[in-house]
Amino acid sequence: SQQGEEDPQALSIQEGENATMNCSYKTSINNLQWYRQNSGRGLVHLILIRSNEREKHSGRLRVTLDTSKKSSSLLITASRAADTASYFCATDAGRFGGAQKLVFGQGTRLTINP
Amino acid sequence: GAGVSQSPRYKVAKRGQDVALRCDPISGHVSLFWYQQALGQGPEFLTYFQNEAQLDKSGLPSDRFFAERPEGSVSTLKIQRTQQEDSAVYLCASSLLRQGSRNEQFFGPGTRLTVL
């Protein structure tokens, strides 16, 4: 079973526009991570935000976390064709010192149109 | 440096056959994870190793699934008597294990298993 729900399931925008994806989860977490997956490839780690953080930036990426609402958002600014991929949020809800197993959402399929 | 590698990249098996999937983690990474990703879904946790110890196998769907990491580096996921529902991409990930810190996982490209 998957903890996260991602919204929207699919998003298609023009190159240069901003893309926003949302993720909701069910249990308390240690951290939340975002990954990108290109078709037929493995997952690439994008950013990690800890439960005591509210916002984090990395290049064109901005992630927010609202633990009271159990939700997170990923914003990609000035999108490029190369950003076309599936994006997954993953929560680390394991007990501290235990396995850091990630629980993934179903993903948002992002298409950037040139 | 080299990332996580997996082999084979693609595997076609007839129903009832046994398969073995290999994962070479990043050198020095203590933690190793296996995930199963069905088509159009996010990955789902299968099992976790810390060095050679299998500390969590709660995600293995049945006793037909078996994983090992005998020397604390390379890991093998074995599926016995494969069924059509086993068709999926099997992802391996590794990470450092730092005290007091929970870190990103580095994923391999996956093995796409198709059971006919």
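As a reminder, the structure under discussion sits directly above these lines.
Below or above, wherever it landed, is the structure these notes cover. What you are looking at is a predicted structure, and each value in this text was computed from that prediction instead of being measured.

Parameters and conventions
Residues numbered from 1 in each chain as written. Chains lettered and ligands numbered in written order. Predicted model: local features only at pLDDT ≥ 70, side-chain atom pairs only at ≥ 80, totals over all residues. Heavy atoms only, no water. Helix = DSSP H or I, 4+ residues; strand = E, 2+ residues; numbered from the N terminus. Lys, Arg positive; Asp, Glu negative; His and termini not counted. Charge placed at Lys NZ, Arg CZ, Asp CG, Glu CD. Core = buried A, V, L, I, M, F, W, Y, C linked by side-chain atoms within 4.5 Å. Buried < 20%, exposed > 50% of the residue type's maximum accessible area, 1.4 Å probe, protein only. Contact = heavy atoms within 4.5 Å. Disulfide = S-S within 2.5 Å. Phe/Tyr/Trp six-rings, centres within 6.5 Å; stacked < 30°, edge-to-face > 60°. Pairing = 2+ DSSP bridges.

### Focus on the overall build of chain A
Here is step 1 of the chain: Tallying secondary structure elements over chain A gives 0 helices and 11 strands in all.
Here is step 2 of the chain: Mapped in sequence order, the helices and strands of chain A form the string β-β-β-β-β-β-β-β-β-β-β.
Here is step 3 of the chain: Considered along the principal axes of its C-alpha atoms, chain A spans approximately 45 × 30 × 20 Å.
Here is step 4 of the chain: Of the side chains in chain A, 14 bear a positive and 10 a negative charge, and the two mean positions are spaced by 7 Å.

### Observations concerning the nonpolar core
Here is step 1 of the chain: In terms of nonpolar packing, the biggest core is built from 21 residues, with Leu32, Trp34, Leu74, Ile76, Tyr87 and Leu110 of chain A touching the most fellow members.
Here is step 2 of the chain: Of all the elements in the fold, those that place two or more residues in this core are strand 3 (19-24), strand 4 (31-37), strand 5 (43-50), strand 7 (61-66), strand 8 (71-76), strand 9 (85-92) and strand 11 (108-113) of chain A.
Here is step 3 of the chain: Discounting residues that sit within four places of it in the chain, Tyr87 of chain A has contacts with Glu6, Met21, Tyr35, Arg36, Leu46, Leu74, Ile76, Gly107, Thr108 and Leu110 of chain A.
Here is step 4 of the chain: Of all hydrophobic cores here, the second largest spans 20 residues; its members include Cys23, Tyr90, Cys92 and Val115 of chain B.

### So, the state of the cysteines
Here is step 1 of the chain: Summed over all chains, the structure comprises 2 disulfides over all chains.
Here is step 2 of the chain: Two residues, Cys23 of chain A and Cys89 of chain A, share a disulfide whose sulfurs are 2.0 Å apart. The sign of the S-S torsion, about 65 degrees, decides the handedness of the disulfide formed by Cys23 of chain A and Cys89 of chain A: right-handed. Here Cys23 of chain A, found in strand 3, pairs with Cys89 of chain A, found in strand 9; they are 66 residues apart in sequence, far enough to count as distant. Both residues of the pair, Cys23 of chain A and Cys89 of chain A, count as buried.
Here is step 3 of the chain: Linked covalently through their sulfurs, Cys23 of chain B and Cys92 of chain B form a disulfide whose S-S length is 1.8 Å.

### A few points about the packing of aromatic side chains
Here is step 1 of the chain: Taken as a whole and judged by the stated rule, the model has 10 aromatic pairs over all chains.
Here is step 2 of the chain: Seen in terms of ring centroids, Tyr35 of chain A and Phe107 of chain B are 5.4 Å apart; in terms of plane orientation they differ by 80 degrees. Their pairing is edge-to-face. Here Tyr35 of chain A, found in strand 4, pairs with Phe107 of chain B, found in strand 10 (residues 106-107), and the two come from separate chains. For the pair formed by Tyr35 of chain A and Phe107 of chain B, the shared burial category is buried.
Here is step 3 of the chain: Their ring planes at 80 degrees and their centres at 6.1 Å tell us that Phe104 of chain A and Phe107 of chain B sit as a pair that is edge-to-face. Linking Phe104 of chain A in strand 10 (residues 102-104) with Phe107 of chain B in strand 10, this pair reaches from one chain into another. Exposure class is identical for Phe104 of chain A and Phe107 of chain B. Each is buried.
Here is step 4 of the chain: Each member of the aromatic cluster is reached from another via a ring pair, and the members are Tyr35, Phe88 and Phe104 of chain A together with Phe33, Tyr35, Phe45, Tyr48 and Phe107 of chain B.

### A word on the pairing of strand 4 of chain A
Residue and element names in this part refer to chain A.
Here is step 1 of the chain: The buried count for strand 4 comes to 6 of 7 residues, which makes it a mostly enclosed element.
Here is step 2 of the chain: Where strand 4 meets strand 5, 7 bridges bridge the pair, whose relative direction is antiparallel. When the sheet's bridge partners are listed, Tyr35 is paired in strand 5 with His45.
Here is step 3 of the chain: As defined by bridge partners, strand 4 adjoins strand 9 across 7 bridges and the pair is classed as antiparallel. Residue pairing in the sheet places Asn31 in a bridge with Asp92 of strand 9.

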